[in-house]
There are 2 protein chains.
Amino acid sequence: MQPVIILVRPQMGENIGMVARAMLNCGLTELRLVAPRDGWPSESAMATSSGATEVIENAKLYNTLDGAIADCRYVLATGSFDRDMVKDVLSPEAAIDVIQKEAGPCAIVFGPERSGMDNEDVVRCDAYITIPLNPDYPSLNLAQAVLLVAYQWWRRVSVENNLPVAGGERLDAQCIVPATKEQLSGLFDHMTEALDQSGFFPTEQQRPVMLRNLRNTFHRLRLSAQEVNTFRGALKSLFKERI
Amino acid sequence: MQPVIILVRPQMGENIGMVARAMLNCGLTELRLVAPRDGWPSESAMATSSGATEVIENAKLYNTLDGAIADCRYVLATGSFDRDMVKDVLSPEAAIDVIQKEAGPCAIVFGPERSGMDNEDVVRCDAYITIPLNPDYPSLNLAQAVLLVAYQWWRRVSVENNLPVAGGERLDAQCIVPATKEQLSGLFDHMTEALDQSGFFPTEQQRPVMLRNLRNTFHRLRLSAQEVNTFRGALKSLFKERI
């Protein structure tokens with residue numbers, strides 16, 4: 001069961017639209033709004049939600065946070081966590097763990113853009129989510145905070161769709177010093193010149209695609225700086241013989 | 001060593017500013033720009049980068065992607081991955097694994113807002129990053145794509161700063177049916193009325209803070225629906241005796 005996203009007193013309709021997009025990116029569709037400053041429905045929210053209008057159109061409106069969380073079994077506050085109240089503080093990842101174990105509806109609450117959640121709202125929640133960021137620059141805009149939390153949920157529930165992790169198949173970075181891109185481009189330019197002069201390309205039309213494929217192969221090889229030097233020496237030698 | 005973020009032909013200065021913010025949120029400071037459409041420096045980038053101006057001011061400008069990646073040992077493309085070229089495809093998490101193992105500078109390249117990276121740019125990279133999102137609505141704006149990738153990096157390198165994962169300490173959701181917030185609020189209203197009438201609050205001034213603390217305690221208890229009923233019965237009984 002997907003968590004509900006609740007925005008308490010959001011200020012800008014534009015931000016509500018951006019939140020809708022971030023939610024739908026991560027498969028979340030249930031948005032609840034508590035007393036949005038500029039009223040509801042909002043044209044600016046519709047405008048910025050491009051493609052995620054279903055989330056905006058189905059958003060539910062409440063006067064109070066109590067109303068918005070009435071049917072919820074577990075509610076998470078977001079924001080900074082250096083407050084007086086004793087609450088569990090969870091990273092987004094840990095919060096998703098809890099939500100996934102929960103039997104009933106869960107909600108994640110985000111406060112107004114400028115001030116964040118106030119104490120009277122936080123006290124109604126079971127725990128905090130804090131997004132661990134650069135302590136010297138932790139401020140996120142509303143849609144980005146929603147995105148980071150929603151993405152954790154999406155990653156967790158879409159395990160079956162995960163991409164293959166190909167990182168383990170490459171050469172061990174400890175053993176070779178990979179060539180820089182400049183060294184690779186040098187080799188490639190050298191080879192192109194040699195191939196051009198030796199009449200390698202059947203037609204001028206085929207040349208760009210053949211070159212692109214060749215370049216792609218070279219970039220896939222993960223050549224070391226040493227190997228690039230060897231290749232260039234070989235090329236020089238072969239090219240000399242041809243002329 | 002932190003990865004470099006490269007934007008190829010970014011269109012809107014506003015987006016460059018938002019990228020700078022997302023980078024600094026995650027401790028990344030090295031931004032490179034390849035031929036930004038509206039020139040450089042950009043007033044609109046400065047305006048939207050509020051607080052992350054150091055990233056904008058230190059951004060380096062290049063005419064070509066080749067120039068921007070010349071000193072890099074490992075370069076990752078971003079975007080969709082259903083292309084002709086044979087490349088490793090990594091999730092952001094797997095990409096960060098590779099970057100962390102790499103000895104020299106690494107870069108992550110993002111294409112123009114509207115079209116994404118073109119093939120001539122992708123071919124210069126070692127592998128793709130694809131951000132796994134809702135297949136029915138996968139489009140992210142530029143700053144959000146940068147944020148999701150940068151956040152994976154930040155989470156990995158800031159393990160020592162991690163928040164305690166408190167999720168395991170709570171009651172097992174299998175064993176109890178937690179009360180809804182409505183049930184909890186009902187109990188709390190009942191108790192407030194009883195305390196008011198029994199003269200529990202020393203002064204009117206202290207009442208709001210004492211009530212808030214009491215409410216916080218109740219929300220921390222993770223009471224079951226059954227326990228709420230028991231509490232209300234006890235309250236009714238105690239209150240009756242007092243009158």
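Everything in this summary refers to the structure shown in the same document. A quick note: this is a predicted structure, and the numbers were derived from the prediction, not measured.

Conventions we followed
- Throughout this description, residue numbers start from 1 for each chain and increase along the sequence as written.
- Whichever chain is written first becomes A and whichever ligand is written first becomes 1, with later ones labelled in order.
- Note on the predicted model: pLDDT of at least 70 is required for a residue's local features to be given, and 80 or more for side-chain atom pairs to be given and counted; whole-chain, interface and lining totals, by contrast, use all residues.
- Calculated side-chain values reflect all of the structure's heavy atoms, with hydrogen atoms and water omitted.
- Secondary structure elements are defined from DSSP: runs of H or I of at least 4 residues count as helices, runs of E of at least 2 residues count as strands, and each element is numbered from the N terminus.
- Residue exposure (1.4 Å probe, protein chains only): buried if accessible area is under 20% of the type maximum, exposed if over 50%, otherwise partly exposed.
- Between two residues, a contact is recorded if the distance between any of their heavy atoms is within 4.5 Å.
- Our working definition of a disulfide is a cysteine sulfur pair at a distance within 2.5 Å.
- Strand pairing is assigned whenever DSSP detects at least two bridges linking the two strands.
- As a working definition, buried area equals the accessible area (1.4 Å probe) given up by two parts on being put together, with both sides summed.
- By convention in these notes, a salt bridge is any Lys or Arg side-chain nitrogen within 4 Å of a carboxyl oxygen on Asp or Glu.
- Throughout this description, a polar contact denotes any pair of N or O atoms lying within 3.5 Å of each other; where both atoms belong to protein, one of them has to be capable of donating a hydrogen while the other can accept it, and for residues adjacent in sequence the pair is counted only when both atoms sit in side chains.
- When the copies are superposed, the least-squares fit draws on C-alpha atoms of residues that have pLDDT of at least 70 in both.

Overview of the overall build of chain A
Part 1 of the reasoning: Looking only at helices and strands, chain A features 10 helices and 7 strands.
Part 2 of the reasoning: Put simply, chain A has 243 residues, and 54% of those count as buried.
Part 3 of the reasoning: Within chain A, residue pairs in contact and separated by at least 24 positions form 81% of the contacts whose partners lie at least 6 positions apart.

Overview of helix H5 (residues 92–101) of chain B
Part 1 of the reasoning: Counting buried residues in H5 of chain B gives 7 out of 10 residues, a clear majority hidden from the surface.
Part 2 of the reasoning: Within H5 of chain B, the full set of buried residues consists of Pro92, Glu93, Ala94, Ala95, Ile96, Val98 and Ile99 of chain B.
Part 3 of the reasoning: As for H5 of chain B, its buried residues are in contact with helix H7 (142–157) of chain A together with strand S4 (74–78), strand S5 (88–90), strand S6 (106–110), strand S7 (127–129) and helix H7 (142–157) of chain B.

Regarding the state of the cysteines
Part 1 of the reasoning: Inspection of the entire model under this criterion finds 0 disulfides over all chains.
Part 2 of the reasoning: Cys72 of chain B supplies the cysteine sulfur nearest to Cys125 of chain B, a cysteine that is in no disulfide, at a spacing of 9.7 Å.

Points about the pairing of S6 of chain B
Residues and elements named next belong to chain B.
Part 1 of the reasoning: Burial within S6 is extensive, with 5 of its 5 residues counted as buried.
Part 2 of the reasoning: Residues Cys106, Ile108 and Phe110 line one face of S6 and the alternating positions Ala107 and Val109 line the opposite face, and both faces are buried.
Part 3 of the reasoning: Bridging between strand S1 (residues 4–8) and S6 involves 4 bridges; their strand directions are parallel. Across the sheet, residue Ile6 finds its bridge partner in S6, namely Val109.
Part 4 of the reasoning: Sheet topology places S4 next to S6; 4 bridges connect them, and they run parallel. Bridging across to S6, Leu76 finds its partner in Ile108.

What about the interface of chain B and chain A?
Part 1 of the reasoning: Between chain B and chain A, the contact holds 79 residues from the first and 79 residues from the second.
Part 2 of the reasoning: Between chain B and chain A the total buried area reaches about 7,000 Å² when both faces are included, carbon and sulfur atoms providing 53% of it.
Part 3 of the reasoning: Run the count over chain B and chain A and you get 4 salt bridges.
Part 4 of the reasoning: Here Lys181 of chain A ties to Asp126 of chain B by a salt bridge, and the two come within 2.8 Å at their closest N and O atoms.
Part 5 of the reasoning: Remark: the boundary between chain B and chain A carries 19 residue pairs in polar contact (both at pLDDT 80 or more).
Part 6 of the reasoning: Elements supplying a minimum of two residues to the side of chain B that touches chain A: helix H1 (13–25), S4, S5, H5, helix H6 (119–122), H7, helix H8 (181–197) and helix H9 (207–220) of chain B.
Part 7 of the reasoning: At 8 residues, H7 of chain B tops the list of elements feeding residues into the side of chain B that touches chain A.

A short note on the relation of the copies chain B and chain A
Part 1 of the reasoning: With an axial shift of 0.0 Å and an RMSD of 0.1 Å, the rotation relating chain B to chain A amounts to 180°. In short, the pair behaves as if placed about a two-fold rotation axis.
Part 2 of the reasoning: Interface overlap between copies: 99% of the residues of chain B at the interface are likewise at the interface in chain A, consistent with a symmetric, same-surface contact.

A closer look at the pairing of strand S4 (residues 74–78) of chain A
Residues and elements named next belong to chain A.
Part 1 of the reasoning: Burial within S4 is extensive, with 5 of its 5 residues counted as buried.
Part 2 of the reasoning: Alternating residues of S4 divide into Tyr74, Leu76 and Thr78 and Val75 and Ala77, and every residue in both groups is buried.
Part 3 of the reasoning: One ladder, built from 3 bridges, connects S4 with strand S7 (residues 127–129); its direction is parallel. Across the sheet, residue Leu76 finds its bridge partner in S7, namely Ala127.

With respect to the side chain of Gln152 of chain A
Part 1 of the reasoning: Tracing the backbone shows Gln152 of chain A in helix H7.
Part 2 of the reasoning: For Gln152 of chain A, a relative accessible area of 8% translates into the label buried.
Part 3 of the reasoning: The residues touching Gln152 of chain A, leaving out its near neighbours within four places in the chain, are Pro92, Glu93 and Ile96 of chain A together with Tyr151 and Gln152 of chain B.

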